[in-house]
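Now for the letters of each chain:
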Amino acid sequence: MREGTSRSRGRDAQRSNIMAAKVLAEVVRSTIGPRGMDKMLVMGIGDITITNDGATIMKEMDVQNPAAKMLVEVAKTQDSEVGDGTTTAVVLAGELLAGAESLLDRDVHPNVIIDGYRDAAEKAQEILEKIAVSIKPDDQEQLKQIALTSLNTKGIFGSQTHFAKLAVDAIRQVMEKHDGKVTADIDLVKVMKKHGRSLDETELVNGIIIDKEVAHSEMPKTVTGGGIALLNAKLEIEKTEIDAKININKPEDMYLFIQEEENMLKEMVEEVAKTGAKVLFTEKGVDDQALSILAKKGILTVKNVSSGDMEKLAKATGGAVVGTTRDLAKASLGQAKLVEEVKIGDDKLVYVRECKNPKAVTIMIRGGSEHVVDEAERSLHDALCVVRNAVEDGKVVGGGGAPEAELAKRLKDYAVKVGGREQLAVAAFAEALEAIPVAIAHNAGIDPIDIMVELRAKHHSPQNLWYGVNVSTGKTADMWKMNIVEPLRVKKQVIKSAVEAVTMLLRVDDVIASKGTGEGKGPSGPSGMPPGMPPGGMYGGM
Ligand SMILES: Nc1ncnc2c1ncn2[C@@H]1O[C@H](COP(=O)(O)OP(=O)(O)O)[C@@H](O)[C@H]1O
Ligand SMILES: [Mg+2]
C-alpha cells in the first residue's frame, strides 16, 4: 500500500464505524417528537439555519466520516421516498448499530446479526401491514390529523392547524383517481415563501404564482376572467445565424426595412390578440416593440417564465403551451377568474387566481423572518408528503411510539421462535425499536424507564395496540384516540432505510483510507467524532 494509507481491520474497523454512526444518531435524537428541540446550524460563512428537520440537519452538517455519511444517506433516502420520519430512521439505525456492537462483543458473527436483522425487518413489515388501519382519501378530517401529527413536531408556532388544512386542501386539489387508484404528485403543489406578515397569512392559491412582474408599465395590472395564452416562443425578430449583408442605398429603404420588422412583430401580437387572450405568459423573451403593442392591446404579459412554471400554468388553467403564435387557437387558452400583479416587499409577483378545478396549485408561505419561513417550508414539505402517502396508500398507523412498542413486543415473541444465535439479533432489533418511544418521552422530560415499563405492560393486551407516549401527562395513552396518526408508508420506510444502511455497515471488516480522501482522519479519528462537526458545538442542550 502507498505511504500514508491508513487501514483498520476486523473488529477495529467495525467498532469505529459503529461509533461514528452512533455519534451522529445521538445528534438528532433530541429533536424527535412533539417536544423535540431544534438545532442551530452555523455554516462556514456565518449563515445560520434553525431546524427540527432530521433530513436538513444531516444534510447541512459537513460530515466527513465515511460510516457517518451512510447515516446521512439514510436521512436523505427517507426524505426523498416518504418525506417524513427522517429522525426516526437515523435514531433507529444508531440503535441497531449499538445493539450489533454488544452482540459483536459477545462474539456473535456479523453475518448472524445481519441475518437476524433482515429477518426481524421483514417480520416487522408484515406486522405493520397487519395492524395498519384503512382510511378514505376523501376523509378530510382524518387527513388533517395526519398532517397535524407531522406538523406538531415542528416549530411553526401555533400555525399547525392552518398549515394542516392548507396541506390537505392542496393535495386533494392535485390528486387524481384512476381505476380506483389514487395518485398525488407533490411537485404540482408549488411552494413559495416571502418573509413578512405572519405564518397565519400563508395562503393557498388555486392557481399559480409567478415570481416575475408584468413586462410593461402600461399593461393592465389586473385582469378578470380573460383567456390566458401560454407560449413557448420568442416575440422577437430572429437574428440570423450567419452574417448577412443588406445593401441599403436610399433612406427610404432603411425605413422600409424597419417597417417590415415592425410588421412582423405586429402580426405575431395580432395572432395572440385574435384568440381573445387577455393575458400572455411566455417562456421566452419579448421584444420591447412587441411589448408596447401588447400594452396598447391591453394584454397583460409576463415573459421569461421558467418551463416548470409554464407546465404548472397549463395544469392550473387548463390551457396548453404552444410553440408558435400561429398555433394559439382559442381552444388552447387557459382560464382563471383573476390574474393580478401583487407587490410583496420589494418584489412584484403575478398571481393567477381562482382557476376552475386546477390540477396545480401554489402555497405562498409568509412569516416574521427568513428563518421562520424557511422552517415553515420544511415543515410544510413533510406535511404535504404525509398527506400524499395517506391518500395514495389509504393506510395509516398510530404514532407516538405506539407502533414501535407493538413491534417490539411481537418481535420479542417471534425471537423465541427463531431460536439459535439469530434470535439474539431479532431481540436486539426489538429493543432498538423501543428507543423511539423512549426518545419521545425523554425529550418531553418524562422518565424513559417508567414509561417503558408502562408501555410494555399495556402492549400485552391486544386492545392496547395503539398505546404510546402522552407527552402532556407523562403517561401512556391510546394514540389513536388522541388522533396521533401517521402514514403506514413512513413507518415501513423507516425500517427499510435503517436496516439497509446498518447491514451494509456491518458487512465491512476492512477500512482502507488512502491519503487525500478528504481531511477526515478516517474511521478511527479521535473518539470517532465525525470531523467537520464543531467540537462540542452540537451538544449544547442535549
Ligand atoms: N402529539 C404527539 N404525541 C406523541 N408523539 C407524537 C406526537 N406527534 C408526533 N409524535 C411522534 O413523533 C415522532 C416523529 O417526530 P419527528 O420529530 O417529526 O421526527 P421524524 O423526523 O422522524 O418525523 C413520531 O413517532 C410521531 O408519532
Ligand atoms: Mg416528522
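Preceding block: the structure.
It should be emphasised that the depicted structure is a prediction, and the values quoted were computed from it without experimental measurement. (Residues numbered from 1 in each chain as written. Chains lettered and ligands numbered in written order. Predicted model: local features only at pLDDT ≥ 70, side-chain atom pairs only at ≥ 80, totals over all residues. Heavy atoms only, no water.)

## So, the overall build of the chain
Put simply, the test is: Runs of E in the DSSP output that reach at least two residues are strands. Runs of H or I that reach at least four are helices, and both are numbered from the N terminus. Here, two residues are considered to be in contact whenever any of their heavy atoms come within 4.5 Å of each other. Residue burial considers only the protein chains on display, and all accessible areas are found by Shrake-Rupley using a 1.4 Å probe. Note that His is not counted, nor are the chain ends; the positive residues are Lys and Arg, and the negative ones are Asp and Glu. For charged residues, the charge sits on one atom: NZ in Lys, CZ in Arg, CG in Asp, CD in Glu.
A tally of helices and strands in the chain yields 15 helices and 23 strands. In terms of overall dimensions, the chain has C-alpha extents of about 100 × 65 × 45 Å along its principal axes. Across the chain, every contact between residues at least 6 apart in sequence was considered, and the portion connecting residues at least 24 apart equals 76%. Roughly 24800 Å² of accessible area belongs to the chain as shown, and the carbon and sulfur atoms make up 49% of that amount. Taking the average place of the 70 positive charges on the side chains of the chain and the average place of its 80 negative ones, the gap between the two points comes to 3 Å.

## Side note on the side chain of Glu375
Rules: Whenever two N or O atoms come within 3.5 Å, that pair is a polar contact, provided that in protein one can donate a hydrogen and the other can accept it, and provided that, for residues adjacent in sequence, both atoms are side-chain atoms.
Note that Glu375 resides in helix α11 (residues 370-393). Within the structure, the side chain of Glu375 is placed 2.8 Å from the side chain of Thr51, a separation counted as a polar contact. Those residues in contact with Glu375, other than ones at most four positions away along the chain, are Ile50, Thr51, Asn52, Asp53 and Gly155.

## Regarding the site of ligand 1
What counts here: One heavy atom within 4 Å of a molecule or strand is enough for the residue carrying it to be called near that molecule or strand.
Near ligand 1 there are 19 residues, and of these Asp84, Thr87, Thr88, Gly400 and Glu486 occur at the shortest range. Backbone polar atom of Gly85 to an oxygen atom of ligand 1: 3.1 Å apart, as the coordinates give it. Thr88 places a side-chain nitrogen or oxygen 2.5 Å from an oxygen atom of ligand 1. When isolated, ligand 1 has an accessible area of 580 Å², and the protein chains bury 95% of it. In terms of residue count, helix α4 (residues 86-105) provides more of the shell around ligand 1 than any other element does, 3 residues in total.

## Focus: helix α9 (residues 288-296)
To be explicit about the condition: Note on classification: 1.4 Å probe, protein chains only; a residue is buried when its accessible area is under 20% of the maximum for its type, exposed when over 50%, partly exposed between these limits.
Among the residues making up α9, those that are buried are Ala290, Leu291, Ile293, Leu294 and Ala295. Residues of α9 that are buried in the fold lie against α8 (251-274), β12 (277-282) and β13 (300-302). Capping the start of α9, Asp287 holds a side-chain oxygen 2.7 Å from the backbone nitrogen of Gln289, two or three residues further along.

## Some thoughts on a nonpolar patch on the surface
Which entries qualify depends on this criterion: In this analysis, a patch consists of residues with relative accessible area above 30% that form no salt bridge, clustered at 9 Å for like charges and at 5 Å for the nonpolar side chains Val, Leu, Ile, Met, Phe, Trp and Tyr. Salt bridge, as applied in this entry: a Lys or Arg side-chain nitrogen positioned within 4 Å of an Asp or Glu carboxyl oxygen.
Residues Ile246, Ile248, Met254, Phe257 and Ile258 make up a contiguous nonpolar surface patch of roughly 420 Å² in combined accessible area. Mapped onto the elements of the fold, Phe257 is located in helix α8.

## Focus on the sheet that holds strand β10 (residues 222-224)
Here is the rule: Two strands pair under a simple rule: DSSP has to find at least two bridges between them. Each axis is a line fitted through C-alpha atoms, and for a helix only the stretch in contact is used; angles between axes span 0 to 180 degrees, taken between their N-to-C directions.
Ordered by their spatial adjacency, 4 strands build an open sheet running β9-β17-β16-β10, and the pairing between neighbours is antiparallel. Each edge of the open sheet carries a strand with a single partner, namely β9 (208-210) and β10. Across the sheet, the mean angle separating the axes of adjacent strands is 25° when strand polarity is ignored. Looking at chain direction, β10 and strand β16 (residues 338-344) are connected through 3 bridges and run antiparallel. Looking at the pairing, Thr222 lines up with Glu340 of β16. Helix α10 (residues 307-317) contacts β9 and β17 (347-353) of the sheet and is inclined by roughly 150° relative to β9.

## A look at the pairing of strand β11 (residues 227-231)
Where burial is concerned, most of β11 is hidden: 5 out of the 5 residues are buried. Both faces of β11 are covered, namely the face carrying Gly227, Ala229 and Leu231 and the face carrying Ile228 and Leu230. The pairing of β11 with β12 spans 5 bridges and is classified as parallel. Bridge assignment links Ala229 to a residue of β12, and that residue is Leu280. The pairing of β11 with strand β15 (residues 334-335) spans 2 bridges and is antiparallel. Opposite Ile228, over in β15, you have Gly334 as the bridge partner.

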